[in-house]
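# Descriptive analysis of the structure
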Amino acid sequence: MTRDKLVTTNMQSALVTIGITCFNAGSTIARAIDSALAQNWPNIEIIVVDDYSSDDSALIVEQVITGRTNIELICHTRNAGPAAARNTILARAKGEFIAFFDDDDMSLPNRVNNQVLLLQDYERRQGVHLVACYASGRRRYDGGYDLDLPAIGSRGDTAPNGPEVAEYLLLYRKHSNRFYGTGTPTCSLMARKSTFDDIGGFDSNLRRVEDADFAIRLALRGGHFIGTREPLFVQYSTNSDDKSPEKNLTSEQKIVEKHRDYLDKIGSYYYAWHWPKLRYYHFKRKYLNFIW
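Everything in this summary refers to the structure shown in the same document. On a predicted model such as this, the values are computed, not experimentally measured, just so you know. (Residues numbered from 1 in each chain as written. Predicted model: local features only at pLDDT ≥ 70, side-chain atom pairs only at ≥ 80, totals over all residues. Heavy atoms only, no water.)

### A closer look at the overall build of the chain
Scanning the chain for helices and strands turns up 11 helices and 9 strands. In the chain, buried positions account for 51% of the 292 residues. In the chain, of all internal contacts separated by at least 6 residues, the share reaching a separation of at least 24 is 77%. Within the structure as shown, the chain displays about 14,000 Å² of accessible surface, and the carbon and sulfur contribution to it stands at 49%. (Helix = DSSP H or I, 4+ residues; strand = E, 2+ residues; numbered from the N terminus. Buried < 20%, exposed > 50% of the residue type's maximum accessible area, 1.4 Å probe, protein only. Contact = heavy atoms within 4.5 Å. Areas by Shrake-Rupley, 256 points an atom, 1.4 Å probe, with all protein chains shown as cover.)

### Quick look at the nonpolar core
Grouped burial of nonpolar side chains is what soluble globular proteins tend to show. Membership of the largest hydrophobic core comes to 41 residues, with the highest contact counts inside it found for Tyr134, Leu170, Phe196, Phe225 and Leu263. Looking at which element gives the most residues to this core, the answer is helix 7 (residues 210-220), with 6 residues. When sequence neighbours within four positions are dropped, the list of residues in contact with Leu170 reads Ile216, Ile255, Val256, His259, Tyr262, Leu263, Ala272 and Trp275. Judged by nonpolar contacts, the second largest core, of 33 residues, contains Ala14, Ile20, Ile60 and Ile65. (Core = buried A, V, L, I, M, F, W, Y, C linked by side-chain atoms within 4.5 Å.)

### Some thoughts on the pattern of salt bridges
The full count for this structure, using the stated rule, is 15 salt bridges. For the salt bridge of Glu96 with Arg192, the shortest nitrogen-to-oxygen distance reads 2.5 Å. Of the two residues, Glu96 is situated in the loop between helix 3 (82-92) and strand 4 (97-102) and Arg192 in strand 8 (residues 189-192); the sequence distance between them amounts to 96 residues. Note on Glu96: relative accessible area 39%, which makes it partly exposed. Using a relative accessible area of 17% as the deciding quantity, one classes Arg192 as buried. For Lys258, the salt bridge is made with Asp203, and the minimal N-O distance between the two is 2.8 Å. Taken together, the positions of Lys258 in helix 8 (residues 245-258) and Asp203 in the loop between helix 6 (193-199) and helix 7 put the pair 55 residues apart, joining distant regions of the chain. Here Asp203 falls in the buried class, since its relative accessible area comes to 14%. Taken together, the shared-partner salt bridges in this structure form one network comprising Asp203, Asp213, Arg217 and Lys258. (Salt bridge = Lys/Arg side-chain N within 4 Å of Asp/Glu carboxyl O.)

### Thoughts on the pairing of strand 1 (residues 16-22)
Where burial is concerned, most of strand 1 is hidden: 7 out of the 7 residues are buried. Bridging between strand 1 and strand 2 (residues 44-50) involves 7 bridges; their strand directions are parallel. By the bridge assignment, Ile20 is partnered in strand 2 with Val48. With helix 1 (residues 29-37) bridging strand 1 and its parallel neighbour strand 2, the resulting β-α-β unit is right-handed. The pairing of strand 1 with strand 4 spans 6 bridges and is classified as parallel. Bridge pairing links Thr17 to Ile98 in strand 4. (Pairing = 2+ DSSP bridges. Right-handed = clockwise from strand over helix to strand, strands pointing away.)

### Some thoughts on unusual backbone geometry
Even without being a glycine, Asn24 presents a positive backbone phi close to 50°. Tracing the chain through its elements places Asn24 in the loop between strand 1 and helix 1. The exposure class assigned to Asn24 is partly exposed, which follows from its relative accessible area of 33%. For Tyr52, which is not a glycine, the phi torsion comes out positive at approximately 60°. Assignment of secondary structure puts Tyr52 in the loop between strand 2 and helix 2 (57-65). Relative accessible area serves as the criterion here: at 47%, Tyr52 is assigned to the partly exposed category.

### Re helix 3
Among the residues of helix 3, Ala83, Ala84, Ala85, Arg86, Ile89 and Leu90 are the ones counted as buried. Residues of helix 3 that are buried sit in contact with strand 1, strand 2, strand 4, helix 6 and helix 7.

### Focus: the side chain of Asp213
With respect to the helices and strands, the residue Asp213 is situated in helix 7. Among the polar contacts made by the side chain of Asp213, one reaches the side chain of Lys258 at a distance of 2.9 Å. Not counting the four nearest positions on each side in its chain, Asp213 is found in contact with Asp203, Leu206, Ile255, Lys258 and His259. (Polar contact = N/O pair within 3.5 Å; in protein donor to acceptor, adjacent residues only side chain to side chain.)

### Description of the pairing of strand 6 (residues 131-140)
Here strand 6 lies mainly inside the structure; 7 of its 10 residues are buried. Sheet analysis places strand 6 next to strand 9 (residues 224-236), joined by 9 bridges and oriented parallel. Bridge pairing in strand 9 links Ser136 to Pro231. With 3 bridges connecting them, strand 6 and strand 8 associate as antiparallel partners. Note on strand 8: the bridge partner recorded for Cys133 is Met190. Sheet topology note: the strand 6/strand 7 (residues 146-149) ladder contains 4 bridges and is antiparallel. Residue pairing across strands places Arg138 opposite Asp148, the latter belonging to strand 7. Between strand 6 and strand 7, which follow one another and run antiparallel, lie 5 residues, and Gly143 among them has a positive phi close to 100°.

Here it is as structure tokens:
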């Protein structure tokens, strides 16, 4: 059975937790929740964590979930960041599998179904238990332009696995016979709850790139990274202060420091520390800094 032709016969009814973190998403959160409720997997629970929004996000969620028994809202009493919000979901989740949806994305009805079946099939064929499954998707820009977002491991004969994925995320070092797609964004991630537990969830000290840090720790434990060929979600292009290049640079250097022991071991700490700066200077058109 190939990854792009999985069938839904003999579907298992394992409980899947869909986790949605929400922060000031009043204009989009209802759409994200509706796409979670529309999933055709027969056994799901939905957990929405509002991370102390200053808009009417929590009120909108309450209105959407009224009368439903398989969805709950948890409200943080302070803004703790996306990693902490995802850890709240992990602590509350009862599902055997956990899938994360973003508050401004829309997932197709077959996303959970296809990711569960792909993950189970890969585990059976490879005999491994630490597997992260990512959905391919599309990014939609104002004006209707779509950009394909192919998932890591969605092409090729061998899925990226082990420390090579850590080197890709920390050093942008690629193996020629691996497909890394668009990296390891949590918005398209599904894994077993046991995998999240084994790796220790997300680092709540990181406000950005916590998804890359999770994937690095999983990779250093020998994890495998697979992806669906078919696009299963739509990501709407948005801008916000927390997505600034400056905050990305700070967070990327934090994970370099966090994984310094590994980087020193392979003799790549200096390069890893300066690689985010190169990208930042290029993006900001600070070409003298870039050359220096």
